[in-house]
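Read off the chains here:
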Amino acid sequence: MKARRYLSAVLSLLLLISLFGVYAGPAEAAGGEISVYVDGEKLDFDQPPIAKNGRTLVPVRAIFEALGATVDWIQEEQAVVAQRGDVMIVMVLGKDKFVKDTGGDGGVVYDLDVPAEALNGRTLVPIRAVSEALDCNVEWDGATQTVTVSSEKWIDGSNAATNGYIHNGVLYYSFIYQPYIYAYDGASTRTYAAGGTPLGIVVNRNKIYYINKDNQTISAISLADGSRETVFARLSKISDFSICGDKMVIIGYDGEDQMVYKLDLAEGTSKLLYSRPDENLLIAEDGSEFALWKQYLFVIDSVSPLLSGESSCKLRMVDTNTGDSRVVFDLKGTVTQLSIKDSSYTRRYKGASVKFDQENAWFMLQFTRSADTSNYYGAQTYEEYYKVSLANGAAVEITQDQFEAAEDSSTVKTGEWTYGADKNRVYRTNLQTGITETLVSGENYYYITNDGQWVVVLRAESKGGTPVSTKGYKYAEVFVMDADGNHFRSINSYSDSTSSSTPVGEVDVGQLSDELCAVCAGTGMVTCPYCRGTGDGQPIYVLGIQTPQGCTYCGGTGERLCNGCGGSGRKN
């Protein structure tokens, strides 16, 4: 029945295209080499992207699957059908229209500046149109021939003492207690002054965002000129942050109160999404746990009296777009006092694990129970499993097998390997076979991050603690190698005796000239996304006579002020 409904929907959308679309000419030859990055990961194509009429076309399956959609090809209709969640997109070879259906709206027809085309046995589609149809942001850098696609995906900052983040083929990293962020592109290093100890580095929309540990603020550095600004300073302690396009969610404390804020980076305004006051140490737990997926913030909030009363484990679901909040479930337990300082309990929250796909959140909740708290080793640990619908927040209890079988779209997978480290080595493990291979042997080596191009490794000895939680370094050195462990090389080192680092091919960002805006190529204006440059609006009918109207969004000009540079034409 599901397959029949799918086929019926596709046929209806194809009919819409046949009513409106016309055929265009054949594909043109490719220009220079074009690079495409989706959420910082470079895509590899068996048929290179091509440029046509100011638009970039890429192989359809590669781009849709990178954006989390499934792809079908209907041979008899020469049509591509892509589906992600409730969104279905249909394109036909040569047609200058495509249809987007969001589940029950009957489909909406959109114009294409360049139709889908066949070239060398592959179907190519305009990357901007398909990406924006899936609510993604697209940026074009003409100087480097690079397309950057940012999906509606929340990216977490890492609070490790030496943290690394790879974006568009550049590694951004820092050393603990050193007020700099380094950007290594494979040949040279740019050094940015951070104004304090940087933690949680994330690159988004041509800026580096990070927690300034020294003053507990969120700061941003312009990649173009190194200028720095404070974007958030409302909490006494910032624990973590996540970013998605122009939205940021910040988790931290205002005194003893735990709080979560949403920050609009474009407008600079913030909104309180969640707060949890201090419970005066009357409960076993002293904070909440958080997870983000799409626009939803999930909060696990638990209380458990130490001696007597009712324990509670709540899962709260907050829509970060609207601020609406609902309690998905509230799992109760009992705490019964046995003596002056001891009790028994049935359901005390211990921890959680979560997976996300396009339609559901999958939770594993871990609890403990004990017949007598005076017996420390008598507590038993057990798990419960729940599936939560992203559409309506409905929760159902599931089995462990169902949880383990669920796909996890939130986990970043790079090829067929995962990477890690223990006390004596850096290694990789094959996702299919489970075979583990040692890449680097020796003490004090730590895995930092990786993508399809690089694996980043830190070699360091701390003054105390570990490189994850330390008082500083006696020495530290950052290395990169390829995914197979080859071409192992040092890119920066730091010694506490000299309090200085020696990055490879250092570039002073203060000497960099202004760069043109990658969105508008320096013009300060972009094509109006609502009328697609025609200047035409929706016509009105008076006594059955059609009266043309200008586009209300651009005033009939066909252009709008570029949101990438604010009209300056210069790269932010």
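Reading the values: rules and limits
Residues numbered from 1 in each chain as written. Predicted model: local features only at pLDDT ≥ 70, side-chain atom pairs only at ≥ 80, totals over all residues. Heavy atoms only, no water. Helix = DSSP H or I, 4+ residues; strand = E, 2+ residues; numbered from the N terminus. Buried < 20%, exposed > 50% of the residue type's maximum accessible area, 1.4 Å probe, protein only. Contact = heavy atoms within 4.5 Å. Areas by Shrake-Rupley, 256 points an atom, 1.4 Å probe, with all protein chains shown as cover. Pairing = 2+ DSSP bridges. Salt bridge = Lys/Arg side-chain N within 4 Å of Asp/Glu carboxyl O. Axes fitted to C-alpha atoms, helices over the stretch in contact; angles between N-to-C directions.

*Asks:* Give a description of the overall build of the protein that names residues and reports values.
*Replies:* Assigned secondary structure in the protein consists of four helices and 49 strands. A buried classification covers 47% of the 572 residues belonging to the protein. Taking the contacts inside the protein whose residues are at least 6 apart along the sequence as the reference set, 46% of them involve residues at least 24 apart. Split by element, the accessible area of the protein, about 27,800 Å² in all, is 47% carbon and sulfur.

*Asks:* A description of the pairing of strand β13 (residues 146–150) should follow, citing residues and the corresponding values.
*Replies:* The element β13 is extensively covered by neighbouring structure, given that five of its five residues are classed as buried. Alternating residues of β13 divide into T146, T148 and S150 and V147 and V149, and every residue in both groups is buried. Sheet topology places strand β1 (residues 35–38) next to β13; four bridges connect them, and they run parallel. Along β13, the bridge assignment pairs V38 with V149. Sheet analysis places strand β12 (residues 137–141) next to β13, joined by five bridges and oriented antiparallel. Note on β13: the bridge partner recorded for D141 is T146.

*Asks:* So what's going on with the pattern of salt bridges? Residues and values would help.
*Replies:* One pass over the full model with this rule turns up 13 salt bridges. Where E117 meets K52, a salt bridge forms, and the shortest distance between an N and an O atom there is 2.6 Å. Of this pair, E117 sits in strand β10 (residues 117–119) while K52 is found in strand β3 (residues 50–52), placing the two residues 65 residues apart along the sequence. A salt bridge links R55 to D113; the nearest nitrogen and oxygen atoms lie 2.9 Å apart. With R55 in strand β4 (residues 55–59) and D113 in the loop between β9 (108–111) and β10, this pair connects stretches of sequence that are 58 residues apart. R55 sits in the partly exposed class, given a relative accessible area of 24%. Put simply, E310, D330 and K332 are held in one network by salt bridges that share partners.

*Asks:* Before we move on, could you go through the pairing of strand β6 (residues 79–84) and cite the residues and values that matter?
*Replies:* Of all six residues in β6, five are buried, a share of seventy percent or more. When strand β5 (residues 70–74) meets β6, the two strands line up antiparallel, connected through five bridges. By the bridge assignment, D72 is partnered in β6 with V81. From the end of β5 to the start of β6, which pair antiparallel, there are four residues, and Q78 there has a positive phi angle of about 55°. Bridging between β6 and strand β7 (residues 87–92) involves six bridges; their strand directions are antiparallel. Its bridge partner being in β7, V80 is matched across the sheet by M91.

*Asks:* I'd like to hear about the environment of I251, residue by residue, with values.
*Replies:* Secondary-structure assignment places I251 in strand β24 (residues 247–254). Classification of I251 by relative accessible area gives buried; the value is 14%. What I251 contacts, discounting residues up to four positions off in sequence, is L235, I238, S239, D240, M259, V260 and F290.

*Asks:* Could you give an account of the sheet that holds strand β19 (residues 198–204), naming the residues involved and the relevant values?
*Replies:* Spatial strand order, β19-β20-β21-β22: four strands in an open sheet with antiparallel pairing. With one partner strand each, in any of the chains shown, β19 and β22 (228–232) form the two edges of the open sheet. Between one strand axis and the next, the sheet turns through 30° on average, direction left out of account. By the bridge criterion, four bridges tie strand β21 (residues 217–222) to β22 in an arrangement that is antiparallel.

As far as function goes, none of this settles anything; it's purely spatial.
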